[in-house]
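The lines below spell out each chain.
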Amino acid sequence: MKTIESTSNKEIKALCKLHAKKGRLTRGQFLVEGMHLIEEAKEAGHLLKVFSIEPLDLGVECVLCLQPVLNKLSVQRSDASCIGLCSMVQGRSDLGDHVLLLMDVQDPGNMGTLIRSALSFGFRTIYYSNGCADPYSPKVVQASQGALFHTLLQEVKMESAIPALRKDGFWVAATALSAYSKFLHDVHFPKKTAFLLGNEGSGLPLSLIDLCDACIKVEMDCFESLNVGVAGSLCMYSCFIQNS
């Protein structure tokens, strides 16, 4: 079994470039930390290699590393025990009946939460804009708890993605607070439904809202708006319940 003892090792230096989005896109790979995410990657067929403090039998090459080496690969503050090298999720032709559209969702926690909720409620196709937090960044991967391995993640231009979905028979609803927005509990969701969610601070541009079939909002007892991760999760849950 191969062992790496130096933080100056060429392979380790190359893998450290995956800490940046450019490096991840160049190689089509990213890193995950901890056994839960590693096992999710393995189950989905995306685990390529494991770097560990002790031998692990996961059906892929396991490289033993001294603690300083693992810590160099890690983005956590505490000592790392195992890190997995994974391939990015590839696209597929079948979108399913439910699609989530994310426009400039910038907070990694929100991005990860929405990916996790999307998988839980049957929205296995997720389109995201270039202005979103990178779904393969460590914070998003951690927040998704491995859900991203079981979804289709695709960067798109919303101006063309929304009309394309509507042409394919999808009913596309924007989530926004406006005088003509329908309350979530009043909406009957068609079999093929897509939700469009916007930026945490500025929401959705009117140009995109106008491309959609409807505008919806979550009814509340008080307060003005919800966190985008919570609002999106409620919308997907409501659609899931109606179609179950």
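For clarity, every value in this text was computed on a predicted model and none was experimentally measured.

A few words now on the packing of aromatic side chains. Under the criterion given, the structure shown has seven aromatic pairs. Here Phe123 and Phe195 contribute two aromatic rings whose centre-to-centre distance is 5.6 Å and whose plane-to-plane angle is 25 degrees, an arrangement assigned as stacked. Placement of the pair is Phe123 in the loop between α5 (108-120) and β7 (125-128) and Phe195 in strand β11 (residues 193-197), with a sequence separation of 72 residues. With a centroid separation of 6.1 Å and an interplanar angle of 70 degrees, the aromatic rings of Trp171 and Phe189 are classed as edge-to-face. Here Phe189 lies in the loop between β10 (182-183) and β11 and Trp171 lies in strand β9 (residues 171-175), a separation of 18 residues in the sequence. There is no split in this pair, since Trp171 and Phe189 are both buried. Through pairs of rings, three or more aromatic residues link up here, namely Phe123, Trp171, Phe189 and Phe195.

A separate point is the sheet that holds strand β12 (residues 214-217). Strand order in this open sheet of seven strands is β8-β7-β6-β11-β9-β12-β10, and the pairing throughout is parallel. Two strands lie at the open edges of the sheet, namely β8 (152-155) and β10, each paired on one side alone. Here two bridges tie β10 to β12, and the two strands are oriented parallel to one another. Along β12, the bridge assignment pairs Phe183 with Lys217.

Relative to the helices and strands, Gly28 is located in the loop between α2 (21-27) and β2 (29-33). For the pair Gly28 and Leu18, spaced ten residues apart in sequence, the C-alpha to C-alpha distance is 9.3 Å. What Gly28 contacts, discounting residues up to four positions off in sequence, is Cys86, Ser87 and Met88.

In this model, Asp104 sits at a positive phi of 55 degrees, which is unusual for a non-glycine residue. Here Asp104 lies in the loop between β6 (98-102) and α5. One non-glycine residue with positive phi stands out, namely Gln145, at about 55 degrees.

With 97% of its residues at a pLDDT of at least 70, the protein chain reaches an overall mean of 93. Per-element confidence in the protein chain ranges from a low mean pLDDT of 90 for β10 to a high of 98 for β6.

What counts and how
Residues numbered from 1 in each chain as written. Predicted model: local features only at pLDDT ≥ 70, side-chain atom pairs only at ≥ 80, totals over all residues. Heavy atoms only, no water. Phe/Tyr/Trp six-rings, centres within 6.5 Å; stacked < 30°, edge-to-face > 60°. Helix = DSSP H or I, 4+ residues; strand = E, 2+ residues; numbered from the N terminus. Buried < 20%, exposed > 50% of the residue type's maximum accessible area, 1.4 Å probe, protein only. Pairing = 2+ DSSP bridges. Contact = heavy atoms within 4.5 Å. pLDDT = per-residue confidence, 0-100.

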